[in-house]
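Inside the fold
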Amino acid sequence: MDKYKIVIDELIKFRNERDWEQFHDSKNLALAISIEAAELNEIFLWKKDHEVEHVKVDKIKEELADILSFSFLLAEKHGLNIYDIVLEKIKRNSEKYPVEKAKGTAKKYDEL
């Protein structure tokens, strides 16, 4: 069994033992992802440039776990495989951002 399936199964088990599936519609899962992402941003709020790489990694880990957990549950709800959708996005982005034009720049694809 692959690690992705194990994580999904554990998330579903945790959720179902608490009867939380009733709260996990697509809208609420998407909102939860956004809220947890805001909590990740809060870790860096008001930090100076030289401070941002020295925040507590445990806090980053905690918020990323929340974001990923809700993301995995939303993907599972819609029958999406996380690996597949990420690889598809990398492929699309590689077409929008060819190395020869995008290397070393943060410009958006329509500005390259």
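You'll find the structure just up there.
Residues numbered from 1 in each chain as written. Predicted model: local features only at pLDDT ≥ 70, side-chain atom pairs only at ≥ 80, totals over all residues. Heavy atoms only, no water.

1. Things to note about the overall build of the protein
When helices and strands are counted, the protein shows five helices and zero strands. If you list the helices and strands of the protein from N to C, you get α-α-α-α-α. Rg of the C-alpha trace for the protein: 18 Å, well past the compact-globule value of 13 Å for 112 residues, more than 25% over. When each of the 112 residues of the protein is scored for burial, the buried share is 19%. With an accessible surface of roughly 9,000 Å², the protein has 57% of that area assigned to carbon and sulfur atoms. (Helix = DSSP H or I, 4+ residues; strand = E, 2+ residues; numbered from the N terminus. Rg over C-alpha atoms; globule rule 2.2 N^0.38 Å. Buried < 20%, exposed > 50% of the residue type's maximum accessible area, 1.4 Å probe, protein only. Areas by Shrake-Rupley, 256 points an atom, 1.4 Å probe, with all protein chains shown as cover.)

2. A short note on the environment of Asp-2
Of note, Asp-2 is situated in the segment before helix 1 (3-17). Judged by relative accessible area, which is 44%, Asp-2 ranks as partly exposed. Within polar-contact distance, the side chain of Asp-2 engages the backbone nitrogen of Tyr-4 at 3.1 Å. (Polar contact = N/O pair within 3.5 Å; in protein donor to acceptor, adjacent residues only side chain to side chain.)

Purely geometric stuff here, so don't read any function into it on its own.
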